[in-house]
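Examining the three-dimensional arrangement
Here is what each chain is made of, one letter per residue.
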Amino acid sequence: MPAINEWNFSAGPGALPAEVLDAVREAVVALPETGLSVLCTSHRSAWFENLLAEAEENLRHLLTVPAGHGIVFLQGGSSLQFSMIPANFAPSRCDDPLYIRSGYWSAKAIAEAGCVRPVAVLWDGAAEGFRTLPDTAALAARRADRPRRSTAPAYLHYVSNETVEGLQFGEAPDGADLPRIADMSSDFLSRPIDVAAHAFLYAHAQKNLGPAGVTVCVLDRDLLERVPAGLPPMLDYRTHLQYGSNYNTPPVFGIYVLTLVTRWLRDTIGGVAAMQRINRDKATRLYRTLDDLDGLVQMHADPGVRSVMNVTFRFRDPRLDAMFLAQATAAGFSGLAGHRALGGLRASLYNAVTPAAVARLCAFVTDFAAAHG
Ligand SMILES: *Cc1c(COP(=O)(O)O)cnc(C)c1O
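First, a word on what this report is: a plain description of the structure on this page. Keep in mind it's a predicted model, so treat the numbers as computed, not measured.

**Re unusual backbone geometry**
In most cases, non-glycine residues show a negative phi, while peptide bonds are predominantly trans. Of note, the bond from G12 into P13 is cis; its omega dihedral lies within 30 degrees of zero at -15°. Residue placement: P13 occurs in the segment before α1 (18-29). Not every positive phi belongs to a glycine, and T64 is a case in point at roughly 50°. Among the secondary structure elements, T64 is positioned in the loop between α2 (46-63) and β1 (69-74). You can call T64 exposed: its relative accessible area is 64%. Positive phi is not limited to glycine here, since S245 has a value of about 60°. For S245, the location among the structural elements is in the loop between α6 (237-242) and α7 (252-269).

**Remarks on the packing of aromatic side chains**
Aromatic rings considered in pairs are described by the distance between their centres and by the relative angle of their planes. Counting across every chain of the model gives 18 aromatic pairs. Aromatic side chains Y243 and Y247 sit 5.0 Å apart centroid to centroid with 65° between the ring planes, which places their arrangement in the edge-to-face category. Assessed through its relative accessible area of 30%, Y247 is described here as partly exposed. Plain terms: the ring middles of F313 and F324 are 6.5 Å apart, the flat faces sit at 75° to each other, and that makes the pair edge-to-face. Highlighted residues: F313 in strand β11 (residues 310-315) and F324 in helix α9 (residues 318-330), separated in sequence by 11 residues. Here F313 and F324 have matching classes, each one buried. In this structure an aromatic cluster arises from ring pairing among W7, F9, F313, F315, F324, F333, F364 and F368.

**Brief notes about the sheet that holds strand β7 (residues 180-183)**
The strand order β1-β9-β8-β7-β4-β2-β3 describes an open sheet built from 7 strands, whose pairing is mixed. The open sheet has two edge strands, β1 and β3 (120-124), and neither has a second partner. Each strand axis lies, on average, 20° off the axis of its neighbour in the sheet, ignoring direction. When strand β4 (residues 156-159) meets β7, the two strands line up parallel, connected through 4 bridges. Bridge assignment links H157 to a residue of β7, and that residue is I181.

**Quick word on α9**
Over its 13 residues, α9 extends 19 Å from the first C-alpha to the last, a length consistent with the 18 Å expected when each residue adds 1.5 Å. The complete set of buried residues in α9 reads L320, D321, F324 and A328. All buried residues of α9 project into a common sector of 110° when viewed along the axis, lining one side. The inward-facing, buried residues of α9 contact β11, β12 (345-348) and α10 (355-372).

**Overview of the site of the ligand**
Around the ligand, 14 residues are found, and the nearest of them are S79, T163, D183, H204 and K207. In the model, an oxygen atom of the ligand is placed 2.5 Å from a nitrogen or oxygen of the H204 side chain. Residue Q206 places a side-chain N or O atom 3.1 Å away from an oxygen atom belonging to the ligand. Calculation on the ligand without its partners gives an accessible area of 390 Å², and the protein chains cover 87% of this total. Ranked by the residues each element gives to the shell around the ligand, the list is headed by helix α3 (residues 77-89), at 4 residues. For the shell around the ligand, a count of residues per class yields 3 nonpolar, 9 polar and 2 charged.

Rules used throughout
Residues numbered from 1 in each chain as written. Predicted model: local features only at pLDDT ≥ 70, side-chain atom pairs only at ≥ 80, totals over all residues. Heavy atoms only, no water. Helix = DSSP H or I, 4+ residues; strand = E, 2+ residues; numbered from the N terminus. Buried < 20%, exposed > 50% of the residue type's maximum accessible area, 1.4 Å probe, protein only. Phe/Tyr/Trp six-rings, centres within 6.5 Å; stacked < 30°, edge-to-face > 60°. Pairing = 2+ DSSP bridges. Axes fitted to C-alpha atoms, helices over the stretch in contact; angles between N-to-C directions. Expected span 1.5 Å × (residues − 1). Arc of directions from axis to C-beta. Contact = heavy atoms within 4.5 Å. Near = heavy atom within 4 Å. Polar contact = N/O pair within 3.5 Å; in protein donor to acceptor, adjacent residues only side chain to side chain. Areas by Shrake-Rupley, 256 points an atom, 1.4 Å probe, with all protein chains shown as cover. Nonpolar A, V, L, I, M, F, W, Y, C, P; charged D, E, K, R; others polar.

Below you can see the structure in the form of structure tokens.
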């Protein structure tokens, strides 16, 4: 049986809403507004200029982005931001930026920032197997332990949702007045966020907002005075702001699909607070199903920090993981294998994954457990 689009629990590129896919199918052949294929439309066309403006406007509206924050659409994925952020925002006059090391992706962000300049790990969850996140008290204790310097750390970087391990911050970690920088790649637009509390946040499209190829960065313009002279223009955030994300050829198709997804969020779902309620209900349902199978299934994340987006678990008998995957695939599900770094199983419940699909998955898990428990 081929995979069923609606039952795609992939961690990324992830599911997209059916109505968006329908509109894309049409636009690949001919855009309703222009008659040209979206794949063959100039980034200098009036149509694309309007599209860029709408994409930005929709994001500003959905997330209540303050006027002082700019929005840019870049290529290079979230991984390119790992090195652009320290290159732009951690000049040598600042003390080493602080990073929270809470899982696979924040560890990668730290390693790649370290190629640009020294950085400091404020808190590290590796010893506990990346199952938990620091609370305010833990972060304050780590800061108190740090040697006193005459200059403040450049910023505090964290990953709001650790996609591989399935850990999610309930709210932004206490940054003690440092500029907060967040990788929100796997939970952007899944819930309201306090944009004003962030100097910089970023998310590529391919988990919650579109296809791979475009990354959204939201940045406080005040941070730009830190950008050192002499950066190559493509690696300087000021270039992309100045040219309105149209310095070189932007990913027209990705920005188009992202715009459709923001329209869907605004008009069909009714905004990110409504999206959050739906997402919480989906996650609650799946976690409850898995918790009921305690003797058979082991959850990865500590209950207090479980992600609403990525549910990570394994069968206590590892042979059952492989059997579950094979049977789920045969039934039309896809994307349920855990990340190669962690193994086990993972169900990603991004915005476009419907409550009905989650209900089907829960029923499948329960039936599988009854047959093998
Ligand atoms: C998937 C992911 C990345 C990697 O993004 P690329 O666009 O592939 O570079 C970075 N951060 C987080 C939190 C992710 O989930």
